[in-house]
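# Examination of the molecular architecture
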Amino acid sequence: KFLVLTLPTAEPLHTFQPDRFNCNSLRWNAGQTEYGFEYRIPPSAHLKAGDDVEVVWEAYQNFAAPVHLPGAKKTGTFTNISAEQARDGIVWLIEPYDTHIKPIYVKDVSFGKGDVTYTIKDKPAAAAPSNTRVGLLQGEGSCEIPAKP
């Protein structure tokens with residue numbers, strides 16, 4: 001058997017309760033062109049400057065009986081991370097909202113689910129899914145576009 005190191009779980013940011021996103025959790029990107037949810041890939045003894053970190057977002061309707069939404073999946077790679085990112089963690093914005101988050105919304109279902117996992121390229125290490133509850137109900141529909149900062 002191969003040894004696989006366990007990395008700390010990705011942390012959802014701006015939650016309204018631990019591990020729960022709602023409409024107030026949405027954040028704009030630096031250019032204020034897209035918005036979504038932010039996660040932090042936390043620092044660890046295995047995360048070093050120069051590493052490549054591969055990240056994956058998976059979305060599901062209905063937290064209680066999850067229905068996977070393959071079309072809402074998002075992947076990315078942070079290449080050659082800086083010493084600052086290794087020390088402080090890496091913030092990843094899941095956007096655009098309409099593609100990767102809004103499909104989670106189902107009327108009369110309180111919560112969907114979002115999972116972020118990540119690996120460090122060329123290292124036998126993996127993180128458990130974040131298992132974040134996602135509530136998108138606002139008024140009679142899903143989240144409204146958040147105000148720009």
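Everything below is about the structure shown above.
We now turn to the structure provided with this report. Small disclaimer: the values here were computed from a predicted structure and weren't measured. (Residues numbered from 1 in each chain as written. Predicted model: local features only at pLDDT ≥ 70, side-chain atom pairs only at ≥ 80, totals over all residues. Heavy atoms only, no water.)

Moving on to the packing of aromatic side chains. Per the counting criterion, the structure on display carries five aromatic pairs. Within the aromatic cluster, the residues linked to one another by ring pairs are Phe-21, Phe-37, Tyr-39 and Trp-57. When the ring centre of Phe-111 is taken as origin, the NZ or CZ atom of Arg-20, which lies over that ring, is 5.0 Å away. The residue whose ring lies beneath Arg-133 is Phe-111, and the NZ or CZ to ring-centre distance is 5.6 Å. (Phe/Tyr/Trp six-rings, centres within 6.5 Å; stacked < 30°, edge-to-face > 60°. Lys NZ or Arg CZ within 6 Å of the ring centre and 35° of its normal.)

Per the stated rule, a full pass over the model turns up one disulfide. Each sulfur in the disulfide pair Cys-23 and Cys-143 lies 2.0 Å from the other. Looking along the S-S bond of the Cys-23-Cys-143 disulfide, the torsion reads about -85°, which is the left-handed sense. Placement of Cys-23 in the loop between strand E3 (20-21) and strand E4 (27-28) and of Cys-143 in the segment after strand E14 (141-142) is noted, with a sequence separation of 120 residues between them. (Disulfide = S-S within 2.5 Å. Helix = DSSP H or I, 4+ residues; strand = E, 2+ residues; numbered from the N terminus.)

Here Glu-58 is to be found in strand E6 (residues 53-61). Here Glu-58 falls in the buried class, since its relative accessible area comes to 16%. Setting aside its immediate chain neighbours within four residues, Glu-58 contacts His-68, Lys-73, Lys-113, Gly-114 and Asp-115. (Buried < 20%, exposed > 50% of the residue type's maximum accessible area, 1.4 Å probe, protein only. Contact = heavy atoms within 4.5 Å.)

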